[in-house]
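Reading the structure
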Amino acid sequence: QVQLVESGGGSVQPGGSLRLSCAASGYSYSSNCMGWVRQAPGKAREGVAAISPHGFTYYRDSVKGRFTISRDNAKNTVYLQMNSLKPEDTAMYYCAAAPRCATVVAAEGEYNGWGQGTQVTVSS
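Let us look at the structure shown here. (Residues numbered from 1 in each chain as written. Predicted model: local features only at pLDDT ≥ 70, side-chain atom pairs only at ≥ 80, totals over all residues. Heavy atoms only, no water.)

1. A short note on the pairing of strand β7 (residues 67–72)
- Across the two faces of β7 the burial differs, with F67, I69 and R71 buried and T68, S70 and D72 not buried at all.
- Relative to strand β8 (residues 77–82), β7 is paired through 6 bridges, and the arrangement is antiparallel. Bridge pairing in β8 links S70 to Y79.
- Taking the residues between adjacent antiparallel strands as the criterion, β7 and β8 are bridged by 4 residues, where N76 takes a positive phi near 50°. (Buried < 20%, exposed > 50% of the residue type's maximum accessible area, 1.4 Å probe, protein only. Helix = DSSP H or I, 4+ residues; strand = E, 2+ residues; numbered from the N terminus. Pairing = 2+ DSSP bridges.)

Structure representation (structure tokens):
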């Protein structure tokens, strides 16, 4: 099991930026696809971005060009840089670890770790 500790959430105005961090521990980290899943109240859970152990990245269409996911394997940490934030980005953001990136992209399947969530609020 991978343990995940998230930080970096907060409240920003539209057009602002946030950088989320997820520190992972556990022997399975290096073999996991890491990513972010979000859920707003009353909305379906949706995959945001994912990155494979070799650095291949995946994004949902609505965040392409605005969000960048990266991972520092030496620090066992994954990041999500969020620029040009929109009100519709408001949600709880969860760091996730899974054997396959398809799991994170689809926001369903087998996970090896799941963060507690960090709130991102975009409003005037």
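Now that the structure is up, let's keep going.
2. What to know about the state of the cysteines
- For the coordinates displayed, the defined rule picks out 2 disulfides.
- C22 shares a disulfide with C95; S-S distance 2.1 Å. Torsion about the S-S bond of the C22 and C95 cystine: about -85°, corresponding to left-handed handedness. Taken together, the residues C22 in strand β3 (residues 18–25) and C95 in strand β9 (residues 91–98) connect sequence positions 73 residues apart. (Disulfide = S-S within 2.5 Å.)

3. Some thoughts on the packing of aromatic side chains
- Going through the model one piece at a time under the given rule, you end up with 2 aromatic pairs.
- The interplanar angle of 80° and the centroid separation of 5.1 Å between the aromatic rings of Y111 and W114 together place this pair among those described as edge-to-face.
- A relative accessible area of 22% places Y111 in the partly exposed class.
- The class for W114 is partly exposed, based on a relative accessible area of 37%.
- Ring pairs connect the aromatic residues Y94, Y111 and W114, which therefore count as one cluster.
- Positioned above the aromatic ring of Y79 is the side chain of R19, whose terminal nitrogen or guanidinium carbon lies 4.1 Å from the ring centre. (Phe/Tyr/Trp six-rings, centres within 6.5 Å; stacked < 30°, edge-to-face > 60°. Lys NZ or Arg CZ within 6 Å of the ring centre and 35° of its normal.)

In short, shape yes, function no, at least from these values alone.
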